[in-house]
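Residue strings, one per chain:
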Amino acid sequence: MNKFNDVRYKMLNSDSHLPIRSHHINYLRRSNFVILFFGFALGFFFAILMEFSPSTMTFKSNDAFTFKHSDPHFGRELNDASGPTADVGFHEPYDNTHKYENGTVASQLYKDVRVLCWIMTNPKNHKKKAIHVKKTWGKRCNKLLFMSSTVDPELESVALPVKEGRNNLWAKTKEAFKYIYDHHLDEIDWVLKADDDTYVVVENLRYMLYPYASSQPIYFGCRFKPYVKQGYMSGGAGYVLSKQALIRFVEEGLTDKTKCRQDADGAEDVEIGKCLENVHVLAGDSRDSHGRGRFFPFVPEHHLIPGHVDKNFWYYKYIYYEAKEGMDCCSDNAISFHYVSPNQMYVLEYLIYHLRPYGLVQFDQPLPKKISLSEISEEAHKNATNLNESNTNDNEKL
């Protein structure tokens, strides 16, 4: 033990008052001051972190986030979300309200527009999120698959040969579509990819797809404009590929490194957008006849409430078509919403499939006319021209 420590030990552990040299006292004082300073600095640092954490931030200009909203805008905000452990149940078809409903058209579309839905999930979300997709909207798909890295008997999940994590989402996406191509190609007309926190109104999806032939190379979703010339579809809102688009993706894209990225990394939705464009799959317009959107990357609150987020929020810079607010934001035949918590899955299930205003009798909408590939191409060219003119006008204003 050195001299200083020996004196300090005696001072702290002896009843006698030993004489301590002044330079030892000064050293102790300086040490205490340094510790106090660093403690204050550390506390200040954590206070700043708390002030600007996602739970307290709302959206300000330049994409600085200060959430004053309860609805989630990032996947991490649902990391700890879980759904009910008890069975929520359902209303029987012969209940007073449901026995008067006519599902003839929906049943016919179920046969005519066969949709396989595959859900991007992972082992830690099987019980927290994915199971609630299965218990709600997923049961309306013609075929429902959960793509994970482990087998779960309750979900009947597919164990793909990939690692988990955001850096492997592109790898999982490629493996999922290859699995569907290898095992289910003859059973389907369309393939929908969705996340385990996406809610989908499958009947409205079939209604939108009805005019198109699954032999046409086309896909739909919430269309974003950067990175890909024709735009790409938001992964969170879900996107749906025709059978022909799936075939081109697997046969022409995944085998050619000049058309599709070969490694595991990269943003899944951007990479598949690039790849599909390279194999000449068209990015379709999923809006309704009023120009209202049908696929949404956030919950309804985000899109319905005017001024809910600042116009500098990244969504307004990415969205391909004009993003409207209020009731004009969303089609009456909306298809999907993202960042839906497990509990909200059941809320939407009730509001969409069970709650009925008494006395209002809904008649089936007429099915839209079939659309040829030449009409699709013509519409795509017109939309691209309008977008270029809009971007030119925006640049001139700047």
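Values in this document were obtained by computation on a predicted structure and should not be read as measured data.

S.K.: Please provide a residue-by-residue account of empty space enclosed by the protein, values included.
M.R.: Inspection of the entire model under this criterion finds two cavities of 30 Å³ or more. Here the largest cavity is characterised by a volume of approximately 260 Å³. In terms of lining residues, the largest cavity is bounded by 25 residues, among which G293, F296, Y315, I319 and E322 are the most central. Counting residues per element, the ones that place at least two in the lining of the largest cavity are α9 (300-304) and α10 (314-318).

S.K.: Give me the lowdown on the state of the cysteines, citing residues and values where you can.
M.R.: Every disulfide links exactly two cysteines, by a covalent bond between their sulfur atoms. In the structure shown here, the tally under the stated rule is three disulfides. At a sulfur-sulfur separation of 2.0 Å, the disulfide partner of C117 is C141. Torsion about the S-S bond of the C117 and C141 cystine: about -95°, corresponding to left-handed handedness. Of the two residues, C117 sits in strand β3 (residues 115-120) while C141 sits in the loop between α4 (126-135) and β4 (143-148), which places them 24 residues apart along the sequence. Among the residues examined, C117 registers a relative accessible area of 0% and is labelled buried. For C141, a relative accessible area of 4% corresponds to the buried category. Note on cysteine connectivity: C329 is disulfide-linked to C330, with sulfurs 2.1 Å apart. Its S-S torsion of approximately -90° makes the covalent link between C329 and C330 left-handed. The exposure class of C329 is buried, given its relative accessible area of 6%. Each bonded cysteine of the protein is numbered by sequence order, and under that numbering the disulfide pairs are 1-2, 3-4, 5-6.

S.K.: Give me the sheet that holds strand β11 (residues 239-242): which residues, what numbers.
M.R.: Through backbone hydrogen bonds, the strands of a sheet pair up, either in parallel or in antiparallel fashion. Taken in spatial order, the seven strands of this open sheet run β5-β4-β3-β6-β11-β8-β12, and their pairing is mixed. Each having just a single partner strand, β5 (158-159) and β12 (282-283) make up the two edges of the open sheet. As paired strands, β4 and β5 are joined by two bridges and run parallel to one another. Residue pairing for β5: M147 is matched across the bridge by V158. Sitting on the sheet, α4 is in contact with β3 and β4, with an inclination near 165° to β4.

S.K.: Describe a nonpolar patch on the surface, with residues and values.
M.R.: On the surface, a nonpolar cluster with roughly 400 Å² of combined accessible area is contributed by V347, Y350, L351, I352 and L355. On the secondary structure map, L351 appears in helix α11 (residues 342-353). Residue class for L351 comes out partly exposed when judged on its relative accessible area of 44%.

The rules behind these values
Residues numbered from 1 in each chain as written. Predicted model: local features only at pLDDT ≥ 70, side-chain atom pairs only at ≥ 80, totals over all residues. Heavy atoms only, no water. 1 Å grid on protein atoms, 1.4 Å probe; cavity = no way out; pocket = protein on both sides within 12 Å on 5 of 7 lines; lining within 4 Å. Points joined across faces, edges and corners; volume = space filled by probe spheres on them. Helix = DSSP H or I, 4+ residues; strand = E, 2+ residues; numbered from the N terminus. Disulfide = S-S within 2.5 Å. Buried < 20%, exposed > 50% of the residue type's maximum accessible area, 1.4 Å probe, protein only. Pairing = 2+ DSSP bridges. Contact = heavy atoms within 4.5 Å. Axes fitted to C-alpha atoms, helices over the stretch in contact; angles between N-to-C directions. Patch = residues over 30% accessible without salt bridge, like charges linked within 9 Å, V, L, I, M, F, W, Y side chains within 5 Å. Areas by Shrake-Rupley, 256 points an atom, 1.4 Å probe, with all protein chains shown as cover. Salt bridge = Lys/Arg side-chain N within 4 Å of Asp/Glu carboxyl O.

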